[in-house]
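Observations on the three-dimensional arrangement
Next come the chains, spelled out residue by residue.
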Amino acid sequence: MLTDDLAFTDSLWMAGDSYDLAGETDKTIEIFSEYAGGLDDDPRLPQAVFRLAGAHQARGDFDVAETLYRGLIEEHPNAAEAAGSHVRLAQTLAVDDDPENDGDARALLERILTSGRLAPDAVEYRDALVQLGRLHLRAGRHVAALETLAETVERYPEDPEITLLRFQLADAHRLSAAELGEQLERESMPAGRRRDLETRRSGWLREALAHYEEVRATLDAKDQRRRTDFEDLLLRNAHFYRADVAFDLGEHEAAIRHYDAAAQRYARDPASLVAMVQIVNCYVELGRWQEARTANERARRRLRELPPEALDAPDLPMTRRHWERWLDAAAAIDALAEAQDP
């Protein structure tokens, strides 16, 4: 520090770099904060600020990270880190506690994707495209998410996150089809338009089915000991949503096979109730009332076995629509039983 400014600056940089690579967030912040307060003409200053902002972002200090990213964009617009700062800033805005600035995040991502400053093979371009797709999906803009995530999967088929991206693309197709189905139920429209929308809905469902199946096959083929807990969750949900899509396509025999496989594989998981409920609904749709009644009794027994809090799990793949279908199916079964009693 006292005798060799260059050696001290290099040592400080390498210390910050080492702490960052080691995942020591607090020490990374300490060292890069000191480095960022150094000489304004240091060529490594933008990268130091970028990594300092990233450490704050990783620690959940979103306001601090946002300020640092904005400052980097304004003060060093031509630095290589400026493009990455746009993406990171959008990520920060998207995950903070203020939903009002999600529109700013979306605008930032769209700006960097259309500015021409980044080639599609740039890491920052990929990150912006992925984040934009996920932002659309989280905000319920399912068709926009579908389009963006489809482009992502097509551009980056070897991406390390490709399985998650395929799952999210499947979700976007499934949820877009669900919205279209609701529109078809509640609106009257010319026959030609109805046919077009039904064709589009069917196409989206088949795309969803293909992507869920690919996710399921990929994760099933992976050694169970090497799968993460998150991958296990994706695999479970791919099993259930694959069956849901078959149900929505009206392919009830296939849906029963998929639900039955899911119920057996995840017999101890509260999610097994979802499969058992949907098997009831499938039999009702097929008019197979005796099998529906038997399946309904099994589902009721399973429901009684579960602790009440199990149904509150946020990752349970059961929506209000599943419950409504079961209630309707159970009511139909009970009404038929009463009609058949002497």
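This section reports on the structure supplied with the text. Predicted, not measured: the structure shown is a model, and the values here were computed from it. (Residues numbered from 1 in each chain as written. Predicted model: local features only at pLDDT ≥ 70, side-chain atom pairs only at ≥ 80, totals over all residues. Heavy atoms only, no water.)

In terms of helices and strands, the protein chain carries 15 helices and zero strands. Expressed as a percentage of its 342 residues, the buried residues of the protein chain come to 46%. Taking contacts inside the protein chain between residues at least 6 apart in sequence as the whole, the part at least 24 apart equals 57%. With an accessible surface of roughly 18400 Å², the protein chain has 49% of that area assigned to carbon and sulfur atoms. (Helix = DSSP H or I, 4+ residues; strand = E, 2+ residues; numbered from the N terminus. Buried < 20%, exposed > 50% of the residue type's maximum accessible area, 1.4 Å probe, protein only. Contact = heavy atoms within 4.5 Å. Areas by Shrake-Rupley, 256 points an atom, 1.4 Å probe, with all protein chains shown as cover.)

Where a protein is soluble and globular, its nonpolar side chains tend to be buried together. Counting residues in hydrophobic clusters, the biggest one holds 57 residues, and the most contacted among them are Phe167, Tyr212, Phe240, Val245 and Tyr259. Every element with two or more residues in this core is listed here: α7 (123-138), α8 (142-155), α9 (162-186), α10 (191-221), α11 (229-248), α12 (252-265), α13 (272-286) and α14 (289-305). Leaving out residues up to four positions away in the same chain, Tyr212 has contacts with Phe167, Ala170, Asp171, Arg174, Ala238, Tyr241, Arg242 and Val245. (Core = buried A, V, L, I, M, F, W, Y, C linked by side-chain atoms within 4.5 Å.)

Let us look at the side chain of His86. On the secondary structure map, His86 appears in helix α5 (residues 80-95). A residue is classified by how much of its surface remains accessible, and His86, at 13% relative accessible area, is buried. With residues up to four places along the chain from it excluded, the contact list for His86 reads Ile73, Leu108, Ile112 and Arg117.

Let us now look at the packing of α11 against α13. One way to put it is that α11 packs onto α13 with a least axis distance of 11 Å and a crossing angle of 15°. Considering their axes alone, α11 and α13 lie roughly parallel with respect to each other. Every pair of crossing elements has a handedness; the one defined by α11 and α13 is left-handed. Taken together, the residues of α13 that come into contact with α11 (itself represented by Phe240, Asp244 and Phe247) are Ser272, Val274, Ala275, Gln278, Asn281, Cys282 and Glu285. For the contact of α11 with α13, the class distribution of residues is five nonpolar, three polar and two charged. (Axes fitted to C-alpha atoms, helices over the stretch in contact; angles between N-to-C directions. Parallel < 35°, antiparallel > 145°, perpendicular 65-115°, else oblique. Left-handed = near helix turned anticlockwise from the far one by under 90°. Nonpolar A, V, L, I, M, F, W, Y, C, P; charged D, E, K, R; others polar.)

How two aromatic rings sit relative to each other is given by the distance of their centres and the angle of their planes. Here the structure, examined in full by the defined rule, presents seven aromatic pairs. With centroids separated by 5.3 Å and ring planes inclined at 65°, the aromatic side chains of Trp13 and Tyr35 adopt a geometry described as edge-to-face. Taken as a pair, Trp13 in helix α1 (residues 5-21) and Tyr35 in helix α2 (residues 25-36) lie far apart in primary sequence, 22 residues in all. These aromatic residues form a ring-pair network of at least three members: Trp13, Phe32 and Tyr35. A cation over a ring is seen here: Arg174 above Tyr241, with NZ or CZ 3.8 Å from the ring centre. (Phe/Tyr/Trp six-rings, centres within 6.5 Å; stacked < 30°, edge-to-face > 60°. Lys NZ or Arg CZ within 6 Å of the ring centre and 35° of its normal.)

Where like charges cluster on the molecular surface, the negative patch consists of Asp40, Asp41, Glu74 and Glu75. Following the sequence through the fold, Glu74 ends up in helix α4 (residues 62-75). Taking relative accessible area as the criterion, Glu74 reaches 64% and is therefore assigned exposed. (Patch = residues over 30% accessible without salt bridge, like charges linked within 9 Å, V, L, I, M, F, W, Y side chains within 5 Å. Salt bridge = Lys/Arg side-chain N within 4 Å of Asp/Glu carboxyl O. Lys, Arg positive; Asp, Glu negative; His and termini not counted. Charge placed at Lys NZ, Arg CZ, Asp CG, Glu CD.)

Here the focus is the pattern of salt bridges. Under the counting rule described, the total for this entry stands at 27 salt bridges. As a salt-bridge pair, Arg70 and Glu66 come within 3.1 Å of each other at their nearest N and O atoms. Taken as a pair, Arg70 and Glu66 lie in helix α4 at a separation of four residues, close to a single helical turn. For Arg70, a relative accessible area of 33% corresponds to the partly exposed category. Here Glu297 and Arg300 are joined by a salt bridge, their closest N and O atoms 3.4 Å apart. Taken together, the residues Glu297 and Arg300, both in helix α14 and three residues apart, mark about one turn of the helix. Judged by relative accessible area, which is 34%, Glu297 ranks as partly exposed. Classification of Arg300 as partly exposed rests on a relative accessible area of 27%.

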